[in-house]
Amino acid sequence: MRINVLGVGFDNVTMGEAVDRGMELLHSPGTHYVVTPNPEIVEICRENLAARQAVNAADLVLPDGIGVVKGAGMLGTPLKEKVPGIEFAAGLMERMAAEGLSLYLLGAKPGVAEAAGERLAAKYPGLKIAGTHDGYFKEDGPVAEDIRRSGADCVFVCLGAPKQELWMAKHGEAAGARLLCGLGGSLDVFAGVVERAPKFWSDHGLEWFYRLCKNPRRAGRMMKLPLFLVHVEKEKRRK
């Protein structure tokens, strides 16, 4: 049973349980994908049926951010904890490295995925970087074919929402990897281009505010958070 937050069904798991499930999917036949919605993505899903369908069709839906956890609690259906996508990815890579599995990095500006790959290979000895591709492509087919040729076990799809969710739902099988993970701007962090919020800020649910202070141009996107809470409150009253 998933926890429904404004039409998006979240898996009620801890970080450890999420990583365990990710590894199970990696060792299961077929193609699977993971999504990591935050309040902004939930708001997109409220307005975009195709995005909502792609998110809810994922094999694992993780609550990325304290806003989703608070929203679920307000609705009387609490989630165990927030499961940030970037931390889920770190746990997954640690386990993949121990098994010598391979990873393909897709997204961000030209050069970022390559830089991220170099840093990740050094940080997780045993992890194989099967290939990389930036997010500035016009045709999906050649990208999916490149992933398939690489033989990657897992793909981090970092194209931003809802493009990455729609891409995984439509092209995941053609890409041939057993697991795809939609991880937004994570490649910028892995490459060292963007600094993640210090632990104090994330522990107190203020990572969004830290990012806003670092980049005031995100203000428009950040307005999705109060809007999300307004919609949660309306849904709570409706119930």
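About the thresholds
Residues numbered from 1 in each chain as written. Predicted model: local features only at pLDDT ≥ 70, side-chain atom pairs only at ≥ 80, totals over all residues. Heavy atoms only, no water. Helix = DSSP H or I, 4+ residues; strand = E, 2+ residues; numbered from the N terminus. Buried < 20%, exposed > 50% of the residue type's maximum accessible area, 1.4 Å probe, protein only. Contact = heavy atoms within 4.5 Å. Areas by Shrake-Rupley, 256 points an atom, 1.4 Å probe, with all protein chains shown as cover. 1 Å grid on protein atoms, 1.4 Å probe; cavity = no way out; pocket = protein on both sides within 12 Å on 5 of 7 lines; lining within 4 Å. Points joined across faces, edges and corners; volume = space filled by probe spheres on them. Nonpolar A, V, L, I, M, F, W, Y, C, P; charged D, E, K, R; others polar. Phe/Tyr/Trp six-rings, centres within 6.5 Å; stacked < 30°, edge-to-face > 60°. Lys NZ or Arg CZ within 6 Å of the ring centre and 35° of its normal. Pairing = 2+ DSSP bridges. Axes fitted to C-alpha atoms, helices over the stretch in contact; angles between N-to-C directions. Disulfide = S-S within 2.5 Å. Salt bridge = Lys/Arg side-chain N within 4 Å of Asp/Glu carboxyl O.

**Describing the overall build of the chain**
Line of reasoning, step 1. Scanning the chain from terminus to terminus reveals 13 helices and eight strands.
Line of reasoning, step 2. Evaluated residue by residue, the chain yields a buried proportion of 48% over its 239 residues.
Line of reasoning, step 3. The long-range fraction of contacts in the chain, counting pairs at least 24 apart against all pairs at least 6 apart in sequence, stands at 78%.
Line of reasoning, step 4. Summing over all exposed atoms, the chain offers an accessible surface of approximately 11,300 Å²; the carbon and sulfur share of this is 54%.

**What about the environment of Gly16?**
Line of reasoning, step 1. Within the element layout of this structure, Gly16 appears in helix α1 (residues 15-26).
Line of reasoning, step 2. Considered as a pair, Gly16 and Val83 are 67 residues apart in the sequence and their alpha carbons are 9.3 Å apart.

**Some details on unusual backbone geometry**
With glycine set apart, most residues show a phi of negative sign, and most peptide bonds adopt trans.
Line of reasoning, step 1. In this model, Ala161 is joined to Pro162 through a cis peptide bond whose omega is 0 degrees.
Line of reasoning, step 2. Summarising the element assignment, Pro162 is placed in the loop between β7 (154-158) and α8 (163-175).
Line of reasoning, step 3. We note that Leu6 has phi near 55 degrees; this positive angle belongs to a residue other than glycine.
Line of reasoning, step 4. Here Leu6 falls in the buried class, since its relative accessible area comes to 12%.
Line of reasoning, step 5. The phi dihedral of Ala108 falls on the positive side, at around 70 degrees, and the residue is not glycine.
Line of reasoning, step 6. You can see Ala108 is positioned in the loop between β5 (102-107) and α6 (112-123).

**Description of the layout of surface pockets**
Line of reasoning, step 1. Counted as a void, the second largest pocket has a volume near 200 Å³.
Line of reasoning, step 2. As for the second largest pocket, its lining consists of ten residues, of which Ile86, Lys123, Tyr124, Val189 and Phe190 are closest to the centre.
Line of reasoning, step 3. Listed by contribution, the elements that provide at least two residues to the lining of the second largest pocket are α5 (85-99), α6 and α9 (186-190).
Line of reasoning, step 4. Residue classes in the lining of the second largest pocket are distributed as six nonpolar, no polar and four charged.

**Here we look at the side chain of Glu165**
Line of reasoning, step 1. By secondary structure assignment, the location of Glu165 is in helix α8.
Line of reasoning, step 2. Residue class for Glu165 comes out buried when judged on its relative accessible area of 2%.
Line of reasoning, step 3. When residues no more than four places from it in sequence are discounted, the contact partners of Glu165 are Val35, Ile41, Ala54, Val55 and Gly160.

**What to know about the packing of aromatic side chains**
Line of reasoning, step 1. According to the stated counting rule, one finds one aromatic pair in the structure shown.
Line of reasoning, step 2. If you follow Lys163 out to its NZ or CZ, it ends over the ring of Phe137, 4.9 Å from the centre.

**Let's talk about the sheet that holds β5**
Line of reasoning, step 1. A sheet is described by the order of its strands in space; here six strands give the open sequence β4-β3-β8-β7-β5-β6, paired in parallel fashion. The sheet is open, and its two edges are formed by β4 (60-61) and β6 (128-133), each paired on a single side.
Line of reasoning, step 2. Sheet analysis places β5 next to β7, joined by five bridges and oriented parallel. Counterpart to Leu105 in the pairing with β7 is Phe156.
Line of reasoning, step 3. This element, α8, spans β3 (32-35), β5, β7 and β8 (179-182) of the sheet and lies at about 165 degrees to β8.

**A word on helix α4 (residues 66-74)**
Line of reasoning, step 1. Among the residues of α4, those classed as buried are Gly67, Val68, Val69, Gly71 and Ala72.
Line of reasoning, step 2. Just past α4, the residue Gly76 takes up positive phi, approximately 80 degrees.

**Details of the state of the cysteines**
Line of reasoning, step 1. All chains considered together, the criterion is met by zero disulfides.
Line of reasoning, step 2. Take Cys154: it sits in no disulfide, and the sulfur closest to it among the cysteines is that of Cys181, at 4.2 Å.

**Observations concerning the pattern of salt bridges**
Line of reasoning, step 1. Under the definition given, this model contains ten salt bridges.
Line of reasoning, step 2. For Arg46, the salt bridge is made with Glu43, and the minimal N-O distance between the two is 3.7 Å. Of this pair, Arg46 and Glu43 both sit in helix α2 (residues 39-47), three residues apart, which is roughly one turn of that helix.
Line of reasoning, step 3. Several salt bridges converge on common partners, so that one network encompasses Glu145, Asp146 and Arg149.

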